[in-house]
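Observations on chain architecture
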Amino acid sequence: MNSSETAFTTVMRRIELAAAQQRSPARLLAVSKTKPAGAVRALAALGQRAFGENYVQEGAAKRAELADLPLEWHMIGPLQSNKCRDVAERFDWLQSLDRAKLVEPLARWRPAGAPPLNVLVQVNIDDEGSKSGCAPGDVAALAAAVAAQPSLALRGLMAIPAPHADLALRRAAFERMRALYDALARDHTGVDTLSMGMSDDFELAIECGATMVRVGSALFGAR
Ligand SMILES: *Cc1c(COP(=O)(O)O)cnc(C)c1O
């Protein structure tokens, strides 16, 4: 096995073990930001379908280059309002919706005939000034705005908790996300995705209820 194959196999095995302990599956989103299209192609050859990008232009370029593959592209970076059209036209998922004024343009630009754009509301769960995401108290209203648009599909929540060295603090943030997610799923059918956990804490996130983990460096090497 070459190194990308080894890394992929190892990450998949760790996800499956953690998910088996929860008796509920977790999906891998391979975060390919800054990595070349060839690295995405190599992982796709191993069976990986879902890829995450932080920058709209970079993601759109890779999607175009890899148009021969049946991949699923997720926008996971902060979204500027002037990029709503590109996201609606070129991505399958937006994981970083954090304010109401983006909802209408995203819905309007989603091409007719395309399946709905899958949307996760990003929550600033540790209330960090520097980080995007809405306040926990704003989730319900933002989710309702998404759910009201036929060209958008509300699928759940995403968070990037503060990288506390103290794992108990990370666990607490993941558990607050799980509580928000459970409340959202009670209010909306179709909510099935809690996206949290990255290379250095994805097993802990799965233990706390993540259904999707976003892994970059553990798959592709350091950026
Ligand atoms: C870069 C990034 C990741 C992946 O981080 P790693 O630590 O490399 O696994 C996950 N989520 C978001 C939103 C990111 O920007």
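For the structure given in this document, a descriptive report is provided here. (Residues numbered from 1 in each chain as written. Predicted model: local features only at pLDDT ≥ 70, side-chain atom pairs only at ≥ 80, totals over all residues. Heavy atoms only, no water.)

A separate point is the site of the ligand. Around the ligand, a shell composed of V31, K33, N54, I76, I160, M198, S199, R214, V215, G216, S217 and R223 is seen. Side-chain polar atom of K33 to an oxygen atom of the ligand: 2.7 Å apart, as the coordinates give it. Here S217 contributes a backbone N or O atom positioned 2.8 Å from an oxygen atom of the ligand. Considered on its own, the ligand offers 390 Å² of accessible surface; in the complex 90% of this is hidden by protein. (Near = heavy atom within 4 Å. Polar contact = N/O pair within 3.5 Å; in protein donor to acceptor, adjacent residues only side chain to side chain. Areas by Shrake-Rupley, 256 points an atom, 1.4 Å probe, with all protein chains shown as cover.)

Now for the pairing of strand β4 (residues 93-97). Buried residues dominate β4, accounting for 5 of its 5 residues. After leaving strand β3 (residues 72-75), the chain enters helix α4 (residues 84-90) and then returns to the sheet as β4, a path that is right-handed. Note: β4 against strand β5 (residues 117-123), 3 bridges, orientation parallel. Across the sheet, the residue bridging to L94 is V119, located in β5. For the handedness criterion, the β-α-β arrangement of β4, helix α5 (residues 103-109) and β5 is classed as right-handed. (Buried < 20%, exposed > 50% of the residue type's maximum accessible area, 1.4 Å probe, protein only. Helix = DSSP H or I, 4+ residues; strand = E, 2+ residues; numbered from the N terminus. Right-handed = clockwise from strand over helix to strand, strands pointing away. Pairing = 2+ DSSP bridges.)

Once that is clear, we can look at the nonpolar core. Judged by nonpolar contacts, the single largest core of 60 residues is most densely connected at V87, L97, L106, L157, I206 and L219. Excluding anything up to four places from it in sequence, V87 contacts V56, M75, L79, L94, L106, R110 and L117. Of all hydrophobic cores here, the second largest spans 8 residues; its members include L29, V31, I76 and W93. (Core = buried A, V, L, I, M, F, W, Y, C linked by side-chain atoms within 4.5 Å. Contact = heavy atoms within 4.5 Å.)

Along the chain, R110 falls in the loop between α5 and β5. In this structure R110 is buried but unpaired, with D92 as the nearest side chain of opposite charge at 4.8 Å. At a separation of 2.8 Å, a polar atom in the side chain of R110 contacts the main-chain carbonyl oxygen of A88. Look past the residues within four positions of R110 in its chain and what remains in contact with it is V87, A88, F91, P115, P116, L117 and S151. (Lys, Arg positive; Asp, Glu negative; His and termini not counted. Salt bridge = Lys/Arg side-chain N within 4 Å of Asp/Glu carboxyl O.)

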